[in-house]
Amino acid sequence: MTNAAQPSFGFVLVFLLFSLLFLSNTYKLWFKTDSYFQDVYNSLLRSPVPFKQFFLKRLENRKRWEVEQKIYSVIGFVAVIGMDVLVVMAFVN
């Protein structure tokens, strides 16, 4: 029996799977930057995103895009790992 503060196993599993997705994209950004950039660009060209031109304009200056994305990914990495630890600790306790 679980109490209200303890997350279910299903929640923990889904949470960790989404974390894995984020970490996979972070790995691609840091270590396979060329293919990651091309994937993002091609995906943006194919999709009917409402502000497509805005996002394409952001990709024009690739070096700036890389720096911004890497800064955001470091912040995200710390947040995701921290939340993973907290969720697993809540589940175990």
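In short, a report on the structure.

Parameters at a glance
- Residues numbered from 1 in each chain as written.
- Predicted model: local features only at pLDDT ≥ 70, side-chain atom pairs only at ≥ 80, totals over all residues.
- Heavy atoms only, no water.
- Core = buried A, V, L, I, M, F, W, Y, C linked by side-chain atoms within 4.5 Å.
- Buried < 20%, exposed > 50% of the residue type's maximum accessible area, 1.4 Å probe, protein only.
- Helix = DSSP H or I, 4+ residues; strand = E, 2+ residues; numbered from the N terminus.
- Expected span 1.5 Å × (residues − 1).
- Arc of directions from axis to C-beta.
- Contact = heavy atoms within 4.5 Å.

### Looking at the nonpolar core
For soluble globular proteins, the rule of thumb is that nonpolar side chains tend to be buried together. Formed by Leu29, Tyr36, Phe37, Leu44, Leu56, Leu59 and Trp65, the largest nonpolar core amounts to seven residues. Breaking this core down by element, the ones donating at least two residues are α2 (33-46) and α3 (52-60).

### Some words on α2
One turn of the α-helix equals 3.6 residues, which is why residues spaced by three or four share an orientation. Spanning 14 residues, α2 covers 20 Å between terminal C-alpha atoms, matching the ideal 20 Å at 1.5 Å per step. Along α2, the residues classified as buried are Thr33, Tyr36, Phe37 and Leu44. Each buried residue of α2 sits inside an arc of 100° when the element is viewed along its axis, so together they form one side. Exposed and facing more than 90 degrees away from the buried side of α2 are Asp34 and Arg46. Elements in contact with the buried residues of α2: α1 (9-31), α3 and α4 (62-92).

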